[in-house]
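# Working through the structure, step by step
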Amino acid sequence: MPVPEKWFTAGVAAVVLATASPAPAFAGRHGPRMERLDRGLIAAPTSEGVFLSWRLSKTEVTGSSKTGLTGANFHVYRDGRRIATVTDSTNFLDREGTAASKYRVSGSKTVTPWNAGYTELPLRRPADGVTPAGEVFTYSANDMSVGDVDGDGVYEYVVKWDPSNSKDVSQVGYTGPVYIDTYRADGTLLHRIDLGVNIRAGAHYTQFLVYDFDGDGRAEMMMKTAPGTKTIRNGTERYVKNGFQKDADHRMSAADYYQHVVGIFQGWDRHPEVVAGRWPKTIEQALGIAPQYRYPLSRADAEKLTDYFMDVYAPARSARNNLRAFEGFIVDGPEYLTVFDGATGRELQTIDYKPGRHDDGLMWGDYAMARIEPGNRVDRFLSGVAYLDGRNPSAVFARGYYTRTTLVSYRWDGHRLREGWYVDSGWAPMTNPFNDSPHGRDGTDPVYGKLTTQGFHSLSAADVDGDGKQEIVYGAATIDHDGDLLYSSFGTLPSGEEARLGHGDAMHVTDIDPARPGLEIFTVHEGGTSAPYGMAMRDAKTGEVLFGTYSGRDTGRGMIGDVLPATPGIESWASMPGGSEALGLHSAKGEILTNTIPGTNSSIRWSADLTTQIVNGAQTVTPTIDDWNRGRLLTADGTLTNNGTKGNPGLVADVLGDWREELLVRTADSSAIRIHTSTEVTSHKLYTLMHDPQYRAEVARQQTTYNQPSYPGFYLASDTDWSTVPR
C-alpha cells in the first residue's frame, strides 16, 4: 500500500499523519532542535535510466558500517510496484524507468521524473527602476536561503534581488532598492519584502536570516530594515513599524553631503573626543594647515574649511577621494531589526538595530586612512544563526570588524525578541580622525578591545570547545557561547613583532585534520606586510596557529576540500587577488603537496566518493563543477553565478535528495533558479546534512556578505570513519 503522508520518525520508515498545525522541530534529549523534513524524494533522468535520491533523517540512524551509517531500509516503488529495497544508501538507479514513471520510497510522496537533469524554480523579476541621478537599473537574482515557512516538511526558497547598480560600501552612487522574495518549490510567490530606499544595495548591507527560531516548525525571517521597508502580498502593501516615516528618504545627494560636512565642522569644538583632548582642537590642526578661524565656527568659515577639505586635502591624500561626488549613501535616520513571518511576510516585531551607526563613519575611522570613505567601516554588517545554549537557535547580528567591532545575540520566542548578550570592542582610538591608522589598534573596552580588525566578511557558528554549545568564530577571534571573548589570535611578524592575524576575506571551519581532536579553522588574510600570515590553519578551541605562510601581500582567496583522496585529511589552498599567484595546496598537516591549486570561489559535495568538488565560473562565464582528478563533472549551461569575481552560486546546500549538495544558480535572464543535483550512484549512507546543527547554521549564514561554503561539525571526507559521525 502506498504511504500517503510525509513525516518520518526514528528507527523505522514509518510515517506520522500530518495535521493542520505545523510539526514542531525535533531534538534529542539534550540536543539542538532541528527541522522535520519530508523524504525530499527526487527523480532525475539520466542516459542510463531514472536516478532516485531521498533523505535519511538523523533520528533514523541506529549505527554505522564501513561505508556509512545504518538505520532505516527503503522499499522503492515504480508505478505502485516495488522494484527494489535499498539498505546501503539513499539513492537508486532505475534502468527501466521512463519519463512517465511514478516513484515513491518508504515514507515519501509520489514523484515523477524531472524534464531534464535539473529542475527550475520560476521567479518573478522586479521591474526596472531609475535613481534620483537619472540612472536606469535592472534586477538579477542574487543570494538565496531556504526554510520551511509553512511547516509541511518541504523547503521554501528565499531569493534576494540585487539591482544592477548594487555597490560595495566603499563605492559612491545611488542604488536601487533590494527585494527579498519567498517562493514555494513550484514558483508560487508567497510574498515580497521591499527594503525601500533607506537600505542601500550591496553585499555588505543586507544579511537575511531564514530559520525556525521558536521551534514551531515554521521558519521566520530576520533582517535589517528602515523606514519605507514593506511587505507586498497579494497586491497589499504593509510597512514595518506601523508605517513610521514610510515616505522618508534619507539618501544623500552630493549637495546634502556637502552640508553634512559643514555641520560636522561647525560642531567640532563640541565633539566629545575634542573636548576630552584626544583629537586636535581645530579643524586646521587636524588638516595640517595654519590656524585661521574662531571657534565655534560660523557657517561661512565651516564652508571655507569644507571646500578646502574636499578640493585640496582629500584629493592630495588619494586620487580616489572625490568627495564632491559623494552621493547615494544613508548616514542618518532610523535603523531597525525586523522579524517577519516566513509564510506571509507579516511583521512580527521591529526593534532598533543595535548598535546604531553613531555617525557617518568619523569615529569608525572612515576619514582617517588615505582613502577617505564615509559610510564604509560603519556599515559593515554580518549575521548568523547559532545554538548558543546547545538546544535553541539564536540570531546573531554584527556591525563592524575593521575598527570598532560589535555583536548582539537574540532569541525569538514566538512573540518577542529577547537579547542574549552584547559584545562591543569599544572605539579604536585615533589621535587624528583625518590622518591616522586605526586598524590593528585595541578598542577601548577592557574585555573585548582585542576584537578590533579581526573580523572577516563572514562568520561561522561552531562548537569549538566541545561543550555542546556553539561559539561564534568571528574571523581571527572567537566569541564563546555566553558572549565572553574566548580568544583573539595573534602571530609573529618577520620583524619579531606580535600582531593580530587580522582581517581576511575567506574562512572555513570544520574538522579538517581527523588526527587531531576537535575542529580547525582555515583563513586567509589581507593585511600584507602587517599580517603574520597570508594563510593560516588554527586550532578552533584555542586559536593557536598550527601552520601558516607569510605572504607579505593581500591574500584574497582561500578554500578547503578533500581534493586528493589518497592524502589523509582535508586539503587547503590560497591565492593572491585574481588567482594569479598561489600559495600551494597544503595537507591537513601543512605540507605543500602541489604548487597548483583548484579554484577558490565555492566548493560542493557532489561526488559519490565523498570528495570535494569546485564550482568555477564568475561574471559572464558559465558555471561548472570540476573535480581535481576527474575533470569537469557538470557544465550548467544557460546559468550564471553572482557577485562579480566572487562567482558564488545562489546557494550550495543539501536541499533535496540524499546527503550531497545541490547547486542553485540563476538562469542568465533571472527568470528562474536552476537546481542541479548529482546523479552519481553512491554506496555511502548518511543523514541529510541539514540535520547537522553546524551545517544547518552555516547554510543559514551562507548568504552573508562574501558567501562561504557550509561545513558540518564533524569530519566528512573520502576516508571518514563512520563510527565517529554524530548520531
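Keep in mind that what you see is a predicted model, and the values were worked out from it rather than measured.

### Concerning the overall build of the protein chain
- Along its length, the protein chain carries five helices and 47 strands.
- Expressed along its principal axes, the backbone C-alpha trace of the protein chain runs to roughly 90 × 60 × 45 Å.
- Sorting the 727 residues of the protein chain into buried and exposed places 62% on the buried side.
- Within the protein chain, contacts between residues at least 6 apart in sequence are counted, and of these 60% link residues at least 24 apart.
- Summed over all atoms, the accessible surface of the protein chain reaches about 25,700 Å², with 48% contributed by carbon and sulfur.
- Averaging the positions of the 72 positive and the 90 negative side-chain charges in the protein chain gives two centres separated by 3 Å.

### Side note on the sheet that holds strand 15 (residues 189–194)
- Reading across from one edge, 12-13-14-15-18-19 is the order of the six strands in this open sheet, with antiparallel pairing throughout. The sheet is open, and its two borders are formed by strand 12 (139–147) and strand 19 (236–239), each paired with just one other strand. Here the strands of the sheet are splayed against their neighbours by 20° on average, with no regard to which way each runs.
- Pairing of strand 14 (residues 179–183) with strand 15, which is carried by five bridges, proceeds in the antiparallel orientation. Bridge pairing in strand 15 links tyrosine 183 to leucine 189.

### Examining the nonpolar core
- One finds Tyr157, Val655, Leu686 and Met690 to be the most contacted residues of the largest nonpolar core, which totals 52 residues.
- Of the residues forming this core, the biggest block, four residues, is contributed by strand 12.
- Setting aside anything within four residues of it in sequence, one finds tyrosine 157 in contact with Leu121, Met144, Ser145, Val146, Asp181, Thr182, Tyr183, Ala185, Val655, Leu656, Leu664 and Ile675.

### As for the packing of helix 1 (residues 254–266) against helix 4 (residues 299–317)
- Axis separation between helix 1 and helix 4 bottoms out at 9 Å; the angle between their running directions is 115°. Remark: the crossing between helix 1 and helix 4 carries right-handed chirality. Residues Tyr257, Tyr258, Gln259, Val261, Val262, Phe265 and Gln266 of helix 1 form the contact with helix 4, whose participating residues are Arg299, Ala302, Glu303, Leu305, Thr306, Asp307, Phe309 and Met310.

### Notes on the pairing of strand 42 (residues 624–627)
- In strand 42, alternate side chains face the same way, and those of Thr624 and Asp626 on one face and Ile625 and Asp627 on the other are all buried.
- In terms of strand pairing, strand 41 (residues 613–616) meets strand 42 through three bridges, oriented antiparallel. Across the sheet, residue isoleucine 614 finds its bridge partner in strand 42, namely aspartate 626.
- Note: strand 42 against strand 43 (residues 631–635), four bridges, orientation antiparallel.

### Details of the sheet that holds strand 17 (residues 220–225)
- On the basis of which strands lie adjacent, the open sheet formed by four strands has the order 16-17-20-21 and antiparallel pairing. Two strands close off the open sheet at either side, each with one partner strand: strand 16 (209–211) and strand 21 (347–352). Taking each pair of neighbouring strands and ignoring which way they run, the sheet shows an average axis angle of 15°.
- Pairing between strand 16 and strand 17: three bridges, direction antiparallel. The partner of valine 210 across the bridge, within strand 17, is methionine 221.

### Looking at unusual backbone geometry
- Looking along the chain, the bond that leaves tyrosine 295 and enters proline 296 is cis, with omega of 0°.
- With respect to the element layout, proline 296 can be found in the loop between helix 3 (283–287) and helix 4.
- Backbone torsion omega between lysine 354 and proline 355 reads -5°, so that peptide bond is classified as cis.
- For proline 355, the location among the structural elements is in the loop between strand 21 and strand 22 (381–386).
- Despite not being glycine, asparagine 234 has its phi angle at roughly 55°, a positive value.
- You can see asparagine 234 is positioned in the loop between strand 18 (230–233) and strand 19.
- Taking relative accessible area as the criterion, asparagine 234 reaches 70% and is therefore assigned exposed.
- Within the chain, threonine 705 stands out as a residue other than glycine whose phi angle is a positive 55°.
- With respect to the helices and strands, threonine 705 occurs in the segment after helix 5 (693–701).

### Brief notes about the confidence of the model for the protein chain
- Of the residues in the protein chain, 96% reach a pLDDT of 70 or more, and the chain-wide mean stands at 95.
- Under a pLDDT of 50 for its full length, residues 1–21 has, in the predicted model, 54 contacts with residues more than four places off or in other chains.

### Notes on the pattern of salt bridges
- A complete count under the given rule lists 40 salt bridges for this structure.
- Aspartate 94 serves as the salt-bridge partner of arginine 78, at 2.7 Å between the closest nitrogen and oxygen. Of this pair, arginine 78 sits in strand 5 (residues 74–78) while aspartate 94 is found in strand 7 (residues 91–94), placing the two residues 16 residues apart along the sequence. There is no split in this pair, since arginine 78 and aspartate 94 are both buried.

### Some thoughts on helix 4
- Taking 1.5 Å per residue, 19 residues should reach 27 Å; helix 4 reaches 25 Å between its end C-alpha atoms and fits that length.
- Approximately 40° is the largest bend angle found in helix 4, and it occurs at phenylalanine 309.
- Of the positions making up helix 4, those classed as buried are Asp301, Ala302, Leu305, Thr306, Phe309, Met310, Tyr313 and Ala314.
- Buried positions along helix 4 lie against helix 1 and helix 3.

### A word on the packing of aromatic side chains
- Summed over all chains, the structure comprises 20 aromatic pairs.
- Arranged with centres 6.1 Å apart and planes meeting at 20°, the rings of phenylalanine 309 and tyrosine 313 form a pair that is stacked. Separated by four residues within a single helix, phenylalanine 309 and tyrosine 313 lie in helix 4, roughly one turn from each other.
- Owing to a relative accessible area of 0%, phenylalanine 309 belongs among the buried residues under this scheme.
- For tyrosine 313, a relative accessible area of 8% puts it in the buried group.
- With centroids separated by 5.4 Å and ring planes inclined at 70°, the aromatic side chains of phenylalanine 309 and phenylalanine 434 adopt a geometry described as edge-to-face.

### Observations concerning helix 1
- An ideal rise of 1.5 Å per residue puts 18 Å on 13 residues; helix 1 measures up with 19 Å between its terminal C-alpha atoms.
- Within the sequence span of helix 1, burial applies to Tyr257, Tyr258, Val261, Val262, Ile264 and Phe265. In an axial view of helix 1, the angular spread of the buried residues amounts to 160°, which keeps them on one side of the axis.
- Structurally, helix 1 contributes buried residues whose contacts are with helix 3 and helix 4.

### Concerning the side chain of arginine 605
- With respect to the helices and strands, arginine 605 occurs in the loop between strand 40 (602–604) and strand 41.
- Judged by relative accessible area, which is 12%, arginine 605 ranks as buried.
- Here arginine 605 is in contact with Thr611, Gln613, Arg660, Glu661, Leu689, Tyr695, Ser710, Tyr711, Pro712 and Leu716, once residues within four sequence places are set aside.

### Some words on the pairing of strand 21
- Of the strand pairs in this sheet, strand 20 (residues 336–341) and strand 21 are connected by five bridges, and their pairing is antiparallel. Of the residues in strand 21, the one forming a bridge with valine 339 is glutamine 349.

### Quick word on the environment of alanine 314
- In this structure, alanine 314 sits in helix 4.
- In sequence terms alanine 314 and glutamine 454 are 140 residues apart; their C-alpha atoms lie 28 Å from each other.
- Not counting residues up to four positions away in its chain, the partners in contact with alanine 314 are Phe309, Asn321, Leu323 and Ile372.

Basis of the calculations
- Within each chain, residue numbers correspond to sequence positions counted from 1 in written order.
- Given that the model is predicted, a residue must reach a pLDDT of at least 70 before its local features are reported, and side-chain atom pairs must reach 80 or more before they are shown or counted; all residues, however, enter totals for whole chains, interfaces and linings.
- Where side-chain values are given, they derive from all heavy atoms of the structure, hydrogens and water being excluded.
- A run of H or I in DSSP becomes a helix once it reaches four residues, and a run of E becomes a strand once it reaches two; helices and strands are each numbered from the N terminus.
- A 1.4 Å probe rolled over the protein chains alone gives each residue an accessible area, and that area as a share of the maximum for its type sets the label: buried under 20%, exposed over 50%, partly exposed in between.
- Throughout, a residue-residue contact means that at least one pair of heavy atoms, one from each residue, lies within 4.5 Å.
- Surface accessibility in these figures is a Shrake-Rupley result with a 1.4 Å probe; residues are shielded only by whichever protein chains are displayed.
- Charged-residue counts in this description rest on Lys and Arg as positive and Asp and Glu as negative, His and the chain ends being excluded.
- Every charge is mapped to an atom, namely NZ of Lys, CZ of Arg, CG of Asp or CD of Glu.
- Here a strand pair is declared whenever DSSP counts at least two bridges between the two strands.
- In this description, a line fitted to the C-alpha atoms serves as the axis of each element, helices being fitted only across the stretch in contact, and the angle between N-to-C directions of two axes falls anywhere from 0 to 180 degrees.
- Take the buried Ala, Val, Leu, Ile, Met, Phe, Trp, Tyr and Cys residues and link them wherever side-chain atoms come within 4.5 Å; each set so joined is a nonpolar core.
- Helix crossings get a hand from a simple test, with the near helix turned counterclockwise from the far one by less than a right angle marking a left-handed crossing and a clockwise turn marking a right-handed one.
- pLDDT is a per-residue confidence score from the predictor, ranging from 0 to 100.
- Salt bridges, as used here, are contacts in which a Lys or Arg side-chain nitrogen is within 4 Å of a carboxyl oxygen on Asp or Glu.
- Helices are assigned an expected span. That span is 1.5 Å times one less than the residue count.
- Bend at a given residue is defined as the angle between two axes, one fitted to the seven residues that end at that position and one fitted to the seven that begin there.
- By convention, a stacked pair of Phe, Tyr or Trp rings (six-membered ring in the case of Trp) has centres within 6.5 Å and planes under 30 degrees apart, an edge-to-face pair has planes over 60 apart, and any other such pair is tilted.
- Directions drawn from the helix axis to the C-beta atoms are what define this arc.

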